[in-house]
Amino acid sequence: MKKVNLYTAAKPAILFTLVLLLTTSLFAQTGAKKETLTNASPTANTQTVNAQQAGAWTVGIDAAKNAVRVTNSDIDPVSVKIVTSGPGRKPFQARFSAGVDAGSNAGNAFLQIPAGKRLIIENISAIARTAPGTKMHMQLFSYFDNGDGVGDSEDITFHRIALTEQGTYAGVATSTANHPTLIFADEQIGAAHFTVALQVRMDTTAPAGTTNQGQVTLTGYLEDLPTP
């Protein structure tokens, strides 16, 4: 009987001890997990790569592959403009005129260019003044050596100037033209010795006492002739 009572009395103490042991074990495991999670922080595992350039940076383009291809066919050619530079190139602008005397139907004028120079004409501006009811035809002649050094007629070319009627002002019929162009003119070799000539022709004989004149303004530049 005494043995039973002792067991009954000790039972609560045994249960309390078991609960205490279990609780202590759970707290220990929880603390270990927290410590493990703390140690597993991403910051703790961050790695640094030490990348450094040894010497100066060198950046270049492969000359063998540095090319741009442009289509230049007969059907679709590339537009080009002749450009020169240097002390031998100087802007040029000149105006000269040719008149038609009474009783005649044509007139000429000549423009000289400094020796050793070539004139490149890039624009022609023209005006014709004639008697009312008459019209004027105008063209420009230029000499350009083709390389044979002879200076014959084969080296002389003409360039039409297309005039447009503007009306009659103060009893004078007026026509004008403005042409962007590209004309080369060298000093001619031979007796004629001109570089640029203006020729005007009327559709009838010039009446006496009337104004009949053609005038052009040439704009471009002078450059040194190439050394033979």
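The preceding data block contains the structure.
### Quick notes on the pattern of salt bridges
In step 1: This structure, assessed with the given rule, holds 4 salt bridges.
In step 2: Between Arg118 and Glu223 there is a salt bridge; the shortest N-O distance is 4.0 Å. With Arg118 in strand β3 (residues 117-130) and Glu223 in strand β9 (residues 213-224), the pair connects residues that are 105 residues apart, well separated along the chain. Here Arg118 matches Glu223 in class, with each residue buried.
In step 3: For Glu165, the salt bridge is made with Lys135, and the minimal N-O distance between the two is 3.4 Å. Note that Glu165 is positioned in strand β6 (residues 164-169) and Lys135 in the loop between β3 and β4 (136-143), a separation of 30 residues in sequence.

### Description of the environment of Asp224
In step 1: In this fold, Asp224 is placed in strand β9.
In step 2: For the pair formed by Asp224 and Ala115, sequence separation is 109 residues and the distance between their alpha carbons is 9.3 Å.
In step 3: Apart from residues lying up to four places away in sequence, Asp224 is in contact with Gly88, Gly116 and Lys117.
In step 4: At a separation of 2.5 Å, a polar atom in the side chain of Asp224 contacts the side chain of Lys117.

### Description of the nonpolar core
A general feature of soluble globular proteins is that nonpolar side chains tend to end up buried together.
In step 1: The biggest cluster of nonpolar side chains holds 28 residues, and the ones touching the most others in it are Phe96, Met138, Leu140, Val196 and Leu218.
In step 2: Breaking this core down by element, the ones donating at least two residues are β1 (90-99), β2 (106-111), β3, β4, β7 (172-185), β8 (196-202) and β9.
In step 3: Top element by residues in this core is β3. It accounts for 5 residues.
In step 4: Dropping the residues within four chain positions of it, Met138 is found in contact with Ala126, Ile127, Ala128, Arg160, Ile161, Leu163, Leu198, Gln199, Val200, Gly214, Gln215 and Val216.

### Digging into the sheet that holds β8
In step 1: The strand order across the open sheet formed by 4 strands is β2-β8-β4-β5, and the pairing between neighbours is antiparallel. At either margin of the open sheet sits one strand with a lone partner, and together these are β2 and β5 (156-161). Looking at each pair of strands side by side, their axes are set apart by 20° on average, direction ignored.
In step 2: Both β2 and β8 contribute to a ladder of 6 bridges, which runs antiparallel. Paired with Phe110 across the bridge in β8 is Ala197.

### Some thoughts on unusual backbone geometry
In step 1: Notably, Ala170 is not glycine yet its phi reads approximately 50°, a positive angle.
In step 2: Here Ala170 is to be found in the loop between β6 and β7.
In step 3: Ala170 sits in the exposed class, given a relative accessible area of 86%.

### Structural notes on the pairing of β6
In step 1: Taken together, the 5 bridges between β6 and β7 define a ladder with antiparallel strand orientation. Along β7, the bridge assignment pairs Gly167 with Thr174.
In step 2: The antiparallel pairing of β6 with β7 creates a hairpin that spans 2 residues between the two strands, and Ala170 there sits at a positive phi of about 50°.

### Considering the sheet that holds β9
In step 1: Strand order in the open sheet made by the 5 strands is β1-β9-β3-β7-β6, with antiparallel pairing throughout. With partners counted over all chains shown, the strands left at the sheet margins are β1 and β6, one partner each. Adjacent strand axes in the sheet meet at a mean angle of 20° when their direction is disregarded.
In step 2: In this structure, β1 lies alongside β9, joined through 10 bridges in antiparallel fashion. Looking across to β9, one finds that Arg95 is bridged to Thr217.

The rules behind the values
Residues numbered from 1 in each chain as written. Predicted model: local features only at pLDDT ≥ 70, side-chain atom pairs only at ≥ 80, totals over all residues. Heavy atoms only, no water. Salt bridge = Lys/Arg side-chain N within 4 Å of Asp/Glu carboxyl O. Helix = DSSP H or I, 4+ residues; strand = E, 2+ residues; numbered from the N terminus. Buried < 20%, exposed > 50% of the residue type's maximum accessible area, 1.4 Å probe, protein only. Contact = heavy atoms within 4.5 Å. Polar contact = N/O pair within 3.5 Å; in protein donor to acceptor, adjacent residues only side chain to side chain. Core = buried A, V, L, I, M, F, W, Y, C linked by side-chain atoms within 4.5 Å. Pairing = 2+ DSSP bridges. Axes fitted to C-alpha atoms, helices over the stretch in contact; angles between N-to-C directions.

Function cannot be read off these values alone, since they describe shape.
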